[in-house]
Amino acid sequence: MRRVSKADGEPMTTAHQLLYADHLVRVTCTVTRGSALIRIIGDLDRTNSAGVLSTLEQVQRIDDRLVVDVGQVGFTDVTGIRALVSFAEQGHARVRDTPCQMRRLMRLMRLRPFDEPESRSS
């Protein structure tokens, strides 16, 4: 896929790459000039969360401003949440499009959901 950059009219290449896959989940990366979007698609649990976390840690070398989209995660367990939180806390990525079931589990774990703004204390 090729797109034209609005800024300078130069062609901008968009690369889609499969980074990780197993029988439950896929992790893909879309890289354009200046940004990288990581998508996690499927189910994230104790059987694959270590592999997904390792993949995310490796891909952070691509761009220091990664965006991790979890909007297509159908199921996650506590282990999956912990892996994503661990990665996000390193400060190298912003996690977006948190599904309602993931937000609910994070609240049960007493964690602030990824795309929920921090509350201000008065």
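Refer to the preceding data block for the structure.
I will try to describe carefully the structure that is included in this document. As the structure is a prediction and not an experimental result, all values here were calculated from the model. Every chain is numbered independently, its residues counted from 1 as its sequence is written. Given that the model is predicted, a residue must reach a pLDDT of at least 70 before its local features are reported, and side-chain atom pairs must reach 80 or more before they are shown or counted; all residues, however, enter totals for whole chains, interfaces and linings. Computation of side-chain values: all heavy atoms of the structure, hydrogens and water removed.

### A closer look at the overall build of the protein
Threshold: Starting at the N terminus, helices and strands are each numbered in turn, a helix being any DSSP run of H or I of at least four residues and a strand any DSSP run of E of at least two. Residue contacts are counted whenever heavy atoms from the two residues lie within 4.5 Å of one another. Only the protein chains shown count as covering a residue, and every accessible area follows the Shrake-Rupley method with a 1.4 Å probe.
When its secondary structure is counted, the protein shows 3 helices and 7 strands. When the elements of the protein are put in sequence order from the N terminus, they spell out β-β-β-β-β-α-β-α-β-α. For the protein, contacts bridging at least 24 residues in sequence account for 54% of all contacts bridging at least 6. Only carbon and sulfur atoms are counted for the fraction: they give 48% of the accessible area of the protein, which is about 7600 Å².

### Focus on the sheet that holds strand 3 (residues 15–21)
Using the following cut-off: At least two DSSP bridges between two strands are required for those strands to pair. Between the N-to-C directions of two axes lies an angle of 0 to 180 degrees, each axis being a line fitted to C-alpha atoms and, for a helix, fitted only over the stretch in contact.
One open sheet holds the 5 strands; their spatial order is 3-4-5-6-7, and the pairing between them is mixed. This sheet does not close on itself; its edge strands, each paired only once, are strand 3 and strand 7 (93–96). With direction set aside, neighbouring strand axes in the sheet form an average angle of 20 degrees. For strand 4 (residues 25–32) and strand 5 (residues 35–44), the ladder comprises 8 bridges, and the chain directions are antiparallel. Across the sheet, residue C29 finds its bridge partner in strand 5, namely I38. Contacting strand 3, strand 4, strand 5 and strand 6 (66–76), helix 1 (residues 49–59) runs over the sheet at an angle of about 180 degrees to strand 5.

### Let's talk about the side chain of T76
Using the following cut-off: Distance and chemistry together define a polar contact, namely a pair of N or O atoms within 3.5 Å, with one atom able to donate a hydrogen and the other to accept it when in protein, and with adjacent residues in sequence counting only for side-chain atoms on both sides.
Within the fold, T76 resides in strand 6. Separated by 3.2 Å, the side chain of T76 and the backbone oxygen of L44 make a polar contact. When near neighbours in sequence (up to four residues on either side) are disregarded, T76 contacts L44, I81, Q101, M102 and L105.

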